[in-house]
Amino acid sequence: MNELNALVDSARAAFAQAAMPAELENAKALFLGKSGRITELMKGLSALTVDEKKSRGAAINLTKQSIEAALTARRQELADAELQTQLQSEALDVTLPGRRRGQGGLHPVSLTLERIEAIFASMGFDVADGPEIETDWFNFTALNTPQDHPARSMHDTFYVEGGPDAAPHLLRTHTSPMQIRHAVQHVKRYRAAHEAAGQPSGELFAGAMPEIRVIAPGRTYRVDSDATHSPMFHQCEGLWVGENVSFKDLKFVFTDFCRTFFESDDLVLRFRPSFFPFTEPSAEIDIQFQTGPLAGRWLEVAGSGQVHPNVIRNMGLDPERYIGFAFGMGPDRLTMLRYGVSDLRLFFDGDIRFLSQFE
Ligand code: PHE
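Quick caveat, the model's predicted, so the values are computed rather than measured. (Residues numbered from 1 in each chain as written. Predicted model: local features only at pLDDT ≥ 70, side-chain atom pairs only at ≥ 80, totals over all residues. Heavy atoms only, no water.)

Asker: Please explain helix α10 (residues 331-339) as it appears in this structure.
Answerer: Residues three or four positions apart in an α-helix share a direction because the helix packs 3.6 residues into each turn. Among all positions of α10, only Pro-331, Asp-332, Leu-334, Thr-335, Met-336 and Leu-337 are buried. Residues of α10 that are buried make contact with α5 (108-122), β6 (232-242), α8 (247-261), β8 (279-289), β9 (299-307) and β10 (323-329). Two residues or fewer past α10, Gly-340 is found with a positive phi of approximately 70°. (Buried < 20%, exposed > 50% of the residue type's maximum accessible area, 1.4 Å probe, protein only. Helix = DSSP H or I, 4+ residues; strand = E, 2+ residues; numbered from the N terminus. Contact = heavy atoms within 4.5 Å.)

Shown next as structure tokens:
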């Protein structure tokens, strides 16, 4: 009897060892298979007497039943374990945040341009748009910068072959050509009204007209590339032409703009004498924050000046009657100052990790 009990124990141990259904079937064959231990014991019966066969046979049967029961129990255990693993692997973690569709957002420089437009619009300025591929006339000559003017060398740019006519075309180096384009359109409109009313006007218009108040933001190009210069950059031109406009007005408007743009009254402006062929006198506009991380430093944000009489003439206006002020600022620079960005190239690399901070 002990021998049979030991057999049941060793079968239980073998089944417990099997970690996979296939291993369990192998262990089963060892005990219950055709040439397994039970079959072996049955064969031994033939040598016994009828009575012995009876009791020994019954004992072997009990042993077999115990082993079969152990097998069934282990099968169930393995099946349960497998189900558990499967359930765990397919578990849905309802605490995970959902996946949203990316929202997208405006580029930081676009945010600045929108801001500039809104502020100047509130001060009665129109917003004009013009070509990035310009003629030499609008980009330079009409702006009092003839072919051999040394100021041209600071505006090296990209020339475009095969323009619409024989005139050389180039990628505009500043938004100043928009001063001429916009003013010419404006003057044409009021000159036509005058002439229709039977008032002839000379080559240069000296009749009455509403003031020109316009800004012209857009892309500009120069052969320049480092941490603070990009071959493509943005500018925003401003032009204000009328009969009684003065430097005081320009100072007032630009100071108001800067304080609104940076949301700070703790901001001082300095008009530093400078030179541009198309303005006389000319001034570089510097700002100084009185508080914050940039406090105390003078930061250049724009060029400006009184529109040169030759430029007023190229607008079709009589400089004896009309006077104007212009400025050209760098929205990229303003964006860097507003958000504390130190490398201009970050704006144009298209790295989503940088850009998504402005959404
Ligand atoms: N166009 C000048 C530049 O790019 C800036 C400027 C604009 C200066 C208008 C005076 C008046 O440097």
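Asker: Where do I start with the pairing of strand β7 (residues 267-276) in this structure?
Answerer: Residues in a regular strand project their side chains so that they alternate between the two faces of the sheet. Of the strand pairs in this sheet, β7 and β8 are connected by nine bridges, and their pairing is antiparallel. Within the sheet, the bridge partner assigned to Leu-269 lies in β8 and is Ile-287. The antiparallel hairpin formed by β7 and β8 contains two residues in its connecting segment. (Pairing = 2+ DSSP bridges.)

Asker: I'm lost on the sheet that holds strand β3 (residues 159-160) in this one. Help?
Answerer: Paired through backbone hydrogen bonds, the strands of a sheet run either parallel or antiparallel to each other. An order of β2-β4-β3 is seen for the three strands of this open sheet, with the pairing classed as antiparallel. Strand pairing shows two members of the sheet lacking a second neighbour, β2 (133-135) and β3, which therefore form its edges.

Asker: Quick question: what am I supposed to make of the layout of surface pockets here?
Answerer: Rolled over the atoms, a probe with the dimensions of a water molecule shows which regions are left empty. Of the voids in this model, the largest pocket is the one considered here, and its volume is about 1100 Å³. Taken together, 41 residues form the lining of the largest pocket, with Arg-222, Phe-233, Gln-235, Glu-284 and Glu-300 sitting closest to its centre. Where the lining of the largest pocket is concerned, the elements lending two or more residues are β6, β7, β8, β9, β10 and α10. Residue contributions to the lining of the largest pocket peak at six residues, all from β9. (1 Å grid on protein atoms, 1.4 Å probe; cavity = no way out; pocket = protein on both sides within 12 Å on 5 of 7 lines; lining within 4 Å. Points joined across faces, edges and corners; volume = space filled by probe spheres on them.)

Asker: Even after reading the chapter, I still don't get unusual backbone geometry, so can you show me in this structure?
Answerer: Glycine aside, negative phi is the norm for most residues, and most peptide bonds take the trans geometry. Along the chain, Glu-280 connects to Pro-281 via a cis peptide bond; the corresponding omega equals 0°. Not every positive phi belongs to a glycine, and Asn-144 is a case in point at roughly 60°. Here Asn-144 falls in the buried class, since its relative accessible area comes to 19%.

Asker: Quick question: what am I supposed to make of the site of the ligand here?
Answerer: Taken together, 14 residues lie around the ligand, and His-174, Ser-176, Arg-222, Gln-235 and Gly-328 are the ones closest in. One of the side-chain nitrogen or oxygen atoms of His-174 is found 3.0 Å away from a nitrogen atom of the ligand. In isolation the ligand exposes 330 Å². Once the protein is present, 92% of that is buried. Judged by the fraction of its atoms near the pocket grid, the ligand is located in the largest pocket. (Near = heavy atom within 4 Å. Polar contact = N/O pair within 3.5 Å; in protein donor to acceptor, adjacent residues only side chain to side chain. Areas by Shrake-Rupley, 256 points an atom, 1.4 Å probe, with all protein chains shown as cover. Sits in = over half its atoms within 2 Å of the grid points.)

Asker: I'm lost on the nonpolar core in this one. Help?
Answerer: Buried together is how nonpolar side chains tend to be arranged in soluble globular proteins. In terms of nonpolar packing, the biggest core is built from 32 residues, with Ile-116, Phe-120, Phe-254, Phe-257, Ile-287 and Met-329 touching the most fellow members. For this core, the elements supplying multiple residues, two or more each, are α5, β6, α8, β7, β8, β9, β10 and α10. Broken down by element, the residue count for this core peaks at six residues, all from α8. In this structure, Phe-254 is in contact with Leu-269, Ile-285, Val-301, Ala-302, Phe-327 and Met-329, ignoring residues within four places of it in sequence. Ile-180, Phe-278, Ile-312 and Met-315 belong to the second largest nonpolar core, which has 24 residues in total. (Core = buried A, V, L, I, M, F, W, Y, C linked by side-chain atoms within 4.5 Å.)

Asker: Help me understand α5, please; the structure alone is not making it clear to me.
Answerer: Taking 1.5 Å of rise per residue, the 15 residues of α5 would be expected to cover 21 Å, and the 21 Å separating its terminal C-alpha atoms lies within 8% of that figure. Every buried residue belonging to α5 is among Pro-108, Val-109, Thr-112, Leu-113, Ile-116, Ile-119 and Phe-120, and all of these are buried. Looking straight down α5, one finds its buried side chains confined to an arc of 140°; they lie on one side. Just downstream of α5, Gly-124 is the residue with a positive phi angle, here 85°. (Expected span 1.5 Å × (residues − 1). Arc of directions from axis to C-beta.)

Asker: How do you make sense of the packing of α5 against α8 when you look at a structure like this?
Answerer: Helix-helix packing is characterised by the crossing angle of the two axes and by the distance between the axes. Running from N to C, α5 and α8 cross one another at 135°; their axes reach a closest spacing of 10 Å. In this view, α5 runs oblique relative to α8, as classed from their interaxial angle. Like other packed secondary-structure pairs, α5 and α8 cross with a definite hand, here right-handed. Here Thr-112, Arg-115, Ile-116, Ile-119 and Phe-120 of α5 lie close against α8, whose contacting residues are Val-253, Phe-257, Thr-260 and Phe-261. When the residues that make up the contact of α5 with α8 are grouped by side-chain class, the tally is six nonpolar, two polar and one charged. (Axes fitted to C-alpha atoms, helices over the stretch in contact; angles between N-to-C directions. Parallel < 35°, antiparallel > 145°, perpendicular 65-115°, else oblique. Left-handed = near helix turned anticlockwise from the far one by under 90°. Nonpolar A, V, L, I, M, F, W, Y, C, P; charged D, E, K, R; others polar.)

Asker: Where do I start with the packing of aromatic side chains in this structure?
Answerer: Think of a pair of aromatic rings as described by two things: how far the centres are apart, and how the planes are tilted against each other in angle. Throughout the structure, instances matching the rule amount to 17 aromatic pairs. Of the aromatic side chains, those joined through ring pairs into one cluster are Phe-120, Phe-125, Trp-240, Phe-254, Phe-257, Phe-261, Phe-262, Phe-289 and Phe-327. Positioned above the aromatic ring of Phe-261 is the side chain of Arg-115, whose terminal nitrogen or guanidinium carbon lies 5.3 Å from the ring centre. The residue whose ring lies beneath Arg-181 is Phe-138, and the NZ or CZ to ring-centre distance is 4.1 Å. (Phe/Tyr/Trp six-rings, centres within 6.5 Å; stacked < 30°, edge-to-face > 60°. Lys NZ or Arg CZ within 6 Å of the ring centre and 35° of its normal.)

Asker: I keep staring at the side chain of Arg-191 and nothing clicks. Help me out?
Answerer: Along the chain, the position of Arg-191 falls in helix α7 (residues 177-196). No salt bridge is formed by the buried Arg-191; its nearest oppositely charged neighbour, Glu-195, is found at 4.0 Å. Within the local environment of Arg-191, its side chain forms a polar contact with the backbone oxygen of Gly-202, the two atoms lying 2.7 Å apart. Not counting residues within four places of it along the chain, the set of residues in contact with Arg-191 comprises Ser-201, Gly-202, Glu-203, Leu-204, Phe-205 and Gly-316. (Lys, Arg positive; Asp, Glu negative; His and termini not counted. Salt bridge = Lys/Arg side-chain N within 4 Å of Asp/Glu carboxyl O.)

Note that every value here comes from positions in space, so none of it alone points to a role or purpose.
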